[in-house]
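Here is what each chain is made of, one letter per residue.
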Amino acid sequence: MRILVIEDEARTADFIERGLKEKGHAVDVCRTGPEGLSFALGGDHDAIILDRMLPQMDGLTVLEKWRQDSRI
């Protein structure tokens, strides 16, 4: 399973990433809202873990823009 983690707190993102990788998942990590949106729109992820409080664009805006994209 390929999972996208969008989380700006480094310790939290690293903890989630390590745990998922230990379970055999492929993990991409993004630290900002715009970067996360770009990965979400361009990637082929099975799941996304999305923080609500992100720099530059909050998680709810990322989700809204992702849902509005015609590729979904």
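Scroll up to find the structure this text is about.
Residues numbered from 1 in each chain as written. Predicted model: local features only at pLDDT ≥ 70, side-chain atom pairs only at ≥ 80, totals over all residues. Heavy atoms only, no water.

Chemist: Kindly report on the nonpolar core, identifying the contributing residues and their values.
Modeler: By size, the foremost hydrophobic cluster in this structure holds 8 residues: Leu4, Ile6, Cys30, Leu37, Ala40, Leu54, Met57 and Val62. When residues of this core are traced back to their parent elements, those giving at least two are strand 1 (2–6) and helix 2 (33–42). In this structure, Leu54 is in contact with Ile6, Glu7, Asp8, Arg31, Gly33, Gly59 and Val62, ignoring residues within four places of it in sequence. (Core = buried A, V, L, I, M, F, W, Y, C linked by side-chain atoms within 4.5 Å. Buried < 20%, exposed > 50% of the residue type's maximum accessible area, 1.4 Å probe, protein only. Helix = DSSP H or I, 4+ residues; strand = E, 2+ residues; numbered from the N terminus. Contact = heavy atoms within 4.5 Å.)

Chemist: I'd like a rundown of the pattern of salt bridges, residues and numbers included.
Modeler: The full count for this structure, using the stated rule, is 3 salt bridges. The salt bridge partner of Arg31 is Asp14, with a shortest N-O separation of 3.4 Å. Here the residue Arg31 occupies a position in the loop between strand 2 (26–30) and helix 2, and Asp14 occupies one in helix 1 (residues 10–22), the gap between them amounting to 17 residues. Judged by relative accessible area, Arg31 falls into the partly exposed class, the value being 30%. Notably, a salt bridge pairs Glu17 with Lys21, separated by 3.1 Å at the nearest N-O pair. Taken together, the residues Glu17 and Lys21, both in helix 1 and 4 residues apart, mark about one turn of the helix. Residue classification places Glu17 among the buried positions, given a relative accessible area of 19%. (Salt bridge = Lys/Arg side-chain N within 4 Å of Asp/Glu carboxyl O.)

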